[in-house]
Amino acid sequence: VQLQASGGGLVQAGGSLRLSCAASGNIFRVEAMGWYRQAPGKQRDVVATITRGGIINYVESVKGRFIISRDAANNTVYLQMNSLNSEDTGVYYCAATTTDWEWRYWGQGTLVTVSS
């Protein structure tokens with residue numbers, strides 16, 4: 001499984017960005033996809049996930065602001081990020097897991113910088 005992420009950039013606080021992650025390869029093995037974030041000097045943490053069956057989970061800090069969605073026909077997952085603040089700054093990684101729930105597939109990171 002290969003993942004290609006895009007959509008990061010520089011945005012002012014309060015603004016919005018949309019990240020995209022296109023999956024290719026052995027897509028049939030993918031059970032869920034998600035977005036992780038690594039803020040400067042911190043570990044990589046999950047932001048949002050969506051399963052093949054459409055079950056969605058968000059980390060508490062982004063609930064009500066971020067929306068994860070998918071286009072099954074194009075094997076693409078999106079992360080719509082609204083009301084961005086400085087704590088959302090970081091490198092965002094797209095990830096995928098199979099039925100063993102090991103997040104073993106990773107895209108290249110895309111940098112999101114929120115200026116105050």
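Here the structure is shown first, and the text comes after it.
Basis of the calculations
Throughout this description, residue numbers start from 1 for each chain and increase along the sequence as written. Predicted model: local features are reported for residues with pLDDT of at least 70 only, side-chain atom pairs are reported and counted for 80 or more only, and whole-chain, interface and lining totals are derived from all residues. The side-chain numbers reported here are obtained from all heavy atoms of the structure, hydrogens and water having been left aside. Criterion used throughout: strands pair if DSSP finds at least two bridges between them. Numbering goes from the N terminus for both helices and strands, where a helix is a DSSP run of H or I of at least four residues and a strand is a run of E of at least two. Under the scheme applied here, a residue whose accessible area is under 20% of the maximum for its type counts as buried, over 50% as exposed, and between as partly exposed, the area being computed with a 1.4 Å probe on protein chains only. The contact criterion used is simple: two residues touch if any of their non-hydrogen atoms lie within 4.5 Å. Stacked, tilted and edge-to-face pairs are distinguished by plane angle, under 30 degrees for stacked and over 60 for edge-to-face with tilted covering the rest, among Phe, Tyr and Trp rings (Trp via its six-membered ring) whose centres lie within 6.5 Å. Look at NZ for Lys and CZ for Arg. If either is within 6 Å of the ring centre and within 35 degrees of the ring normal, a charge sits over the ring. Between the N-to-C directions of two axes lies an angle of 0 to 180 degrees, each axis being a line fitted to C-alpha atoms and, for a helix, fitted only over the stretch in contact. The disulfide definition used here is simple: a pair of cysteine sulfur atoms within 2.5 Å.

Novice: Teacher, can you tell me more about the pairing of strand β7 (residues 66-71) here?
Specialist: Sheet topology note: the β7/strand β8 (residues 76-81) ladder contains six bridges and is antiparallel. Among the inter-strand pairings, isoleucine 68 is bridged to a residue of β8, identified as leucine 79. A loop of four residues connects β7 with β8, the two strands running antiparallel in sequence, and asparagine 75 in this loop sits at a positive phi of about 50°.

Novice: What exactly am I supposed to notice about the side chain of threonine 98 here?
Specialist: Assignment of secondary structure puts threonine 98 in the loop between β9 (90-97) and β10 (105-106). Accessibility expressed as a relative area gives 7% for threonine 98, which makes it buried. Aside from chain neighbours lying at most four places away, what touches threonine 98 is Arg29, Glu31, Arg104 and Tyr105.

Novice: Any chance you could explain the pairing of strand β3 (residues 17-24) here in plain terms?
Specialist: Regular strands have side chains that alternate between both faces of the sheet. When strand β1 (residues 2-6) meets β3, the two strands line up antiparallel, connected through five bridges. Across the sheet, the residue bridging to alanine 5 is cysteine 21, located in β3. Bridging between β3 and β8 involves six bridges; their strand directions are antiparallel. Its bridge partner lying in β8, serine 20 is registered against tyrosine 78.

Novice: How should the packing of aromatic side chains be read in this particular structure?
Specialist: Ring pairs (aromatic) are described by centroid distance and by the angle formed between their planes. Overall, the coordinates contain four aromatic pairs when judged by the stated rule. Taken together, a centroid distance of 6.5 Å and an interplanar angle of 85° make the contact between tyrosine 93 and tryptophan 106 edge-to-face. Remark: tryptophan 106 occurs in strand β10 and tyrosine 93 occurs in strand β9; sequence separation between them is 13 residues. On the basis of relative accessibility, which here comes to 15%, the residue tyrosine 93 falls in the buried class. Within the aromatic cluster, the residues linked to one another by ring pairs are Tyr36, Tyr93, Trp101, Trp103 and Trp106. Here the basic side chain of arginine 44 rests over the ring of tyrosine 93, its NZ or CZ set 3.6 Å away from the ring centre. Against the face of tryptophan 106 rests arginine 44, its NZ or CZ located 4.7 Å from the ring centre.

Novice: Sorry, what's going on with the sheet that holds β3 here?
Specialist: Each strand in a sheet pairs with another by means of backbone hydrogen bonds, the pair being arranged parallel or else antiparallel. One open sheet holds the four strands; their spatial order is β1-β3-β8-β7, and the pairing between them is antiparallel. Edge positions in the sheet fall to β1 and β7, since each of these pairs with one other strand and no more. Here the strands of the sheet are splayed against their neighbours by 15° on average, with no regard to which way each runs.

Novice: For this particular structure, what's the right way to read the state of the cysteines?
Specialist: Note on terminology: a disulfide is the covalent bond linking the sulfur atoms of two cysteines. Inspection of every chain in the model, using the stated rule, returns one disulfide. At a sulfur-sulfur separation of 1.9 Å, the disulfide partner of cysteine 21 is cysteine 94. Measuring handedness by torsion sign, the sulfur bridge of cysteine 21 and cysteine 94 sits at about -80° and is left-handed. Here cysteine 21 is found in strand β3, whereas its partner cysteine 94 is found in strand β9, with 73 residues between them in sequence.

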